[in-house]
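Residues per chain, in single letters:
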Amino acid sequence: MFWKFDLITSSHLEALLDKEDVTLSELLDEDDVLQECKAQNRRLLQFLCQDQCMQELVRMITTEPPAGIEDIKRFKFPNIACELLTCDVGVINDKLGNEEPLLETLYAFLEQPSPLNPLLASFFSKTIGNLITRKTEQVLGFLRRKEGFLSLVLKHIDTSAMMDVLLRLISCVEPPPLRLETLTWLNDAKLAQRLIELIHPERDDERQSNASQTLCDIIRLSRDQANQLQEMSQPDPLLTVLESQECVEQLLQNMFSGERTESCIVNGIQVLLTLLEIRRPVVDGVMDAQGFERSYTVNSSILLAIQPHLTHFHQLLLEPPKRSPMLTSLGVLEEPLGNTRLHVARLVASLLYTSSSSHAVVAQELCRLNTMDLLLDLFFKYTWNNFLHLQVELCVAAILRPCAHEMRLQPGLAAQDKPTPPQDAPPDQSAAETPSEPAVTPENTAHSLMVTHLFQQCHLVQRILDAWEENDKIQIAGGMRRGYMGHLTRIANTIVHNLEKGPVHTQINTLIAELSEDCRGRWVTFVDQTLSETNRRNTIDLIGSGHPRPCSEDDMESPFPKELTLQQAFSDYQIQQMTANFVDQFGFNDEEFTDHDDSIGATFDRIAEININIDAGQDTANTAAFEACSKERIQPFDDDEEDIWEEKEIKFATQTKSRNRFGGSQSSQGQAASQASERTAAPGTETAGGKAECFSEEGDDSKDFDPFLSLGESDATKCSGWVANFGEVNSKAPAAGVGFSAWGSPDCQPAAAEVEEKGWAKFTDFQPFCW
């Protein structure tokens, strides 16, 4: 690096710092002042941490710049000042957080009249948020001494930067005991109730929207931190208040009091949706398009507060706030669906997906109001509104798969799992207490009521058949395919799926069987032919999907020429998005150009991932045949060669010189060696100290012998084992002029040995030896 060798020129900032009368404005005008501050330039930090300079920096981010200057130049110095104060340098944080006059100057920004400058408000929010994170105790102590702090923040809530200040107080305070203390302080100041009061028809739209968003963020942050910080002994006081029935009722009363405006209703429903937020894991169905990201239990008090106001939501579907006609790409829409009715549909879907003790009350009220029938009417009326189609689809899926987010349906599951009887219970008692069907509960009864209502009062099957036939007629006449056909296909597949398996498949089969004969026949034909063909077309892999379908010579040829197909595939390849992993997937693999030894471990690492399932306990016909073949010995060929696979016993014996150590003659030793090579050694072998002796079967002839003496003879091949040689080595020094033999020579040489020349070693005559 070139700056390692001091080749870079000195910064102009250093020259400014050398001046005695340098001003803060001159330093802020330098381009590298922020980089030097982050690099903790000692001279620069000493200058900035002076009381006068710190006061000037805080004044820049809290005071409106003089008018008459371009905005770029007006807010240049305030922007740099904010970056210097929040660059996370310890010296600046300590100076700003420990000096109360600086905090007073910063706090004075909240005392300005509304509306606040959005840019200056963002500077203030960023600076105070950094202090809350870095100097938590000092800043919280200062803010708690200010009685009107929350009132001033809520006064300026129409500026979105004020939301960040509240969220910093909730999410950035550590450790947990201090955070709980802060939440208790905010709850004692009625923060949740005061935010709900801002969602009112009489408030301006911006204030309502920011208050609603703040409440949603508080709920999500509180739930996330409650899951992460399990060591907290007390529940989150803010979350407890927001989930209480009184707080939800106050929100609903504000929504429906006075004139019903779209802004108030939509913002209020967004808070309700956040309170009802759950996570629905993917089940083995088709309705998994919209899954929540969090896993929470819905408090029953929320449903109890919503249930009396379901009538108002139903009325909103019939008479929403007035909207002017809307020009669309398909023409003028005289009565648009509107954001209000769309959010009501979202609320109904969320209510149907909740599971609590109060869910039955909500389900019964929806059936009484006939809300699902009204939603289906809107589904077919607004042909091109896929936002509405998705919500209605989710409603149908929630009814046909009750508590799907908790049951985790498996293939072939027809009912809930039976309870397991106690282990110590008698068999007859266990059988008597174990029910064959799920226990009848109010919740199950409500679900059954919803399923019956969907098929009988809402006429779901008839609506699907009529809409499909109408769409076919329109398309035959040259018209455009209806915009709801994709969602209608998914709803039909949901019905078919739950006819075969699911917690209410028996009830659905019964309701299908109760249809008129004509309708039932049309449904069977639709499922077997039309729906099956539609699903087959929808599952065809495209050319660029990366999953080619197996083809054969009998398959129908492509209607397009082969050259055009290949050209289109190449074009798709060229225009694919350049993502971060595109370079890794393009061209050759780097491992192809590296040594094989470097990547040899990767192959063996993948062996651990192989799952081999062997049923060793089951005997099959193939196993028995293999065992029978394994027990058969392979017959050797009829030749003179030795069978290398024949089992032989290894014999060890002591090799001796040809001299008679124990009074035996050479003939007796040769006879013993011949007998040892033709017989099987008796099981009397002893091993001690690394030596082994092989004894013959005749006890009187147990003499030492040399098994290698007769290797040159024709019957030397009869020796069937290795022999260990522990004989003595001739260690006598050779006479002068006589060749030296390193290994010594036995006294008796074979008969075929030739006279060797003295002074030279003949390696072919060396006998095998063992150490």
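Quick note: structure is the one above.
Analysis parameters
Residues numbered from 1 in each chain as written. Predicted model: local features only at pLDDT ≥ 70, side-chain atom pairs only at ≥ 80, totals over all residues. Heavy atoms only, no water. Helix = DSSP H or I, 4+ residues; strand = E, 2+ residues; numbered from the N terminus. Expected span 1.5 Å × (residues − 1). Buried < 20%, exposed > 50% of the residue type's maximum accessible area, 1.4 Å probe, protein only. Contact = heavy atoms within 4.5 Å. Polar contact = N/O pair within 3.5 Å; in protein donor to acceptor, adjacent residues only side chain to side chain. Core = buried A, V, L, I, M, F, W, Y, C linked by side-chain atoms within 4.5 Å. Phe/Tyr/Trp six-rings, centres within 6.5 Å; stacked < 30°, edge-to-face > 60°. Patch = residues over 30% accessible without salt bridge, like charges linked within 9 Å, V, L, I, M, F, W, Y side chains within 5 Å. Areas by Shrake-Rupley, 256 points an atom, 1.4 Å probe, with all protein chains shown as cover. Salt bridge = Lys/Arg side-chain N within 4 Å of Asp/Glu carboxyl O. Axes fitted to C-alpha atoms, helices over the stretch in contact; angles between N-to-C directions. Parallel < 35°, antiparallel > 145°, perpendicular 65-115°, else oblique. Left-handed = near helix turned anticlockwise from the far one by under 90°. Nonpolar A, V, L, I, M, F, W, Y, C, P; charged D, E, K, R; others polar.

(A) Molecular detail of helix α10 (residues 118-134). Compared with the 24 Å implied by 1.5 Å per residue over 17 residues, the 24 Å span of α10 between its first and last C-alpha is a close match. Taken residue by residue, α10 has Leu120, Ala121, Phe123, Phe124, Ser125, Thr127, Ile128, Gly129, Asn130, Leu131 and Ile132 as its buried positions. Where α10 is buried, its residues contact α5 (51-62), α7 (76-85), α8 (90-98), α9 (100-107), α11 (136-144) and α13 (161-171). If you check the start of α10, you find a side-chain oxygen 2.9 Å away from the backbone N of Leu119, and it comes from Asn117.

(B) Quick look at the nonpolar core. Residues Phe149, Phe313, Met372, Leu454, Phe455 and Trp523 are the most contacted members of the largest nonpolar core, which totals 169 residues. Not counting the four nearest positions on each side in its chain, Phe313 is found in contact with Leu252, Met255, Phe256, Ile269, Leu272, Val344 and Leu347.

(C) Looking closely at the packing of aromatic side chains. Counted according to the given criterion, the structure contains 10 aromatic pairs. Ring geometry for Phe379 and Phe380: centres 5.0 Å apart, planes at 80 degrees, overall edge-to-face. Within the aromatic cluster, the residues linked to one another by ring pairs are Tyr107, Phe142, Phe149 and Trp185.

(D) Examining a nonpolar patch on the surface more closely. A surface patch of nonpolar side chains, about 320 Å² in accessible area, is lined by Leu330, Trp384 and Met480. Mapped onto the elements of the fold, Leu330 is located in the loop between β1 (326-328) and β2 (331-333). Residue class for Leu330 comes out partly exposed when judged on its relative accessible area of 48%.

(E) Main features of the pattern of salt bridges. Overall, the coordinates contain 30 salt bridges when judged by the stated rule. One salt bridge in this structure joins Glu14 and Arg43, with 3.2 Å as the shortest N-O distance. With a gap of 29 residues between them, Glu14 in helix α1 (residues 12-18) and Arg43 in helix α4 (residues 42-48) connect regions that are remote in the sequence. Residue Arg43 is classed as partly exposed on the basis of its relative accessible area, which comes to 31%. Salt-bridge contacts for Lys135 lead to Asp94; the nearest nitrogen and oxygen are separated by 3.0 Å. Here the residue Lys135 occupies a position in the loop between α10 and α11, and Asp94 occupies one in helix α8, the gap between them amounting to 41 residues. With a relative accessible area of 37%, Asp94 lands in the partly exposed category.

(F) Here's a closer look at helix α23 (residues 359-369). The buried count for α23 comes to 8 of 11 residues, which makes it a mostly enclosed element. The set of residues buried in α23 consists of His359, Ala360, Val362, Ala363, Glu365, Leu366, Cys367 and Leu369.

(G) Examining the environment of Leu183 more closely. Within the secondary structure, Leu183 sits in helix α14 (residues 176-188). Judged by relative accessible area, Leu183 falls into the buried class, the value being 0%. When the C-alpha atoms of Leu183 and Leu238 are compared, they prove to be 6.7 Å apart, with 55 residues separating the residues in sequence. Setting aside chain neighbours within four positions, we find Leu183 in contact with Ile170, Asp236, Pro237 and Leu238.

(H) The arrangement of the side chain of Thr489 in detail. Within the fold, Thr489 resides in helix α30 (residues 485-500). The contacts of Thr489, once residues within four sequence positions are left out, are Trp468, Leu531, Thr534, Asn535 and Asn538.

(I) Structural detail: the environment of Asp32. Turning to its location among the elements, Asp32 is positioned in the loop between α2 (24-28) and α3 (33-38). As for Asp32 and Leu13, which are separated by 19 residues in sequence, their C-alpha atoms are 7.6 Å apart.

(J) Just the environment of Pro308, in detail. Position of Pro308 among the secondary structure elements: in the loop between α20 (300-306) and α21 (310-318). Take Pro308: its relative accessible area is 47%, and that puts it in the partly exposed class.

(K) Region of the structure containing the packing of α5 against α7. It is the contact of α5 with α7, at a shortest axis distance of 8 Å, that shows an interaxial angle of 120 degrees. Overall, the two elements α5 and α7 adopt an arrangement that is oblique. At the point where α5 passes α7, the crossing takes the left-handed sense. For the pair α5 and α7, the contacting residues are Met54, Leu57, Val58, Met60 and Ile61 in the first and Phe77, Pro78, Ala81, Cys82, Leu84 and Leu85 in the second. Of the residues that constitute the contact of α5 with α7, the class distribution is 11 nonpolar, no polar and no charged.

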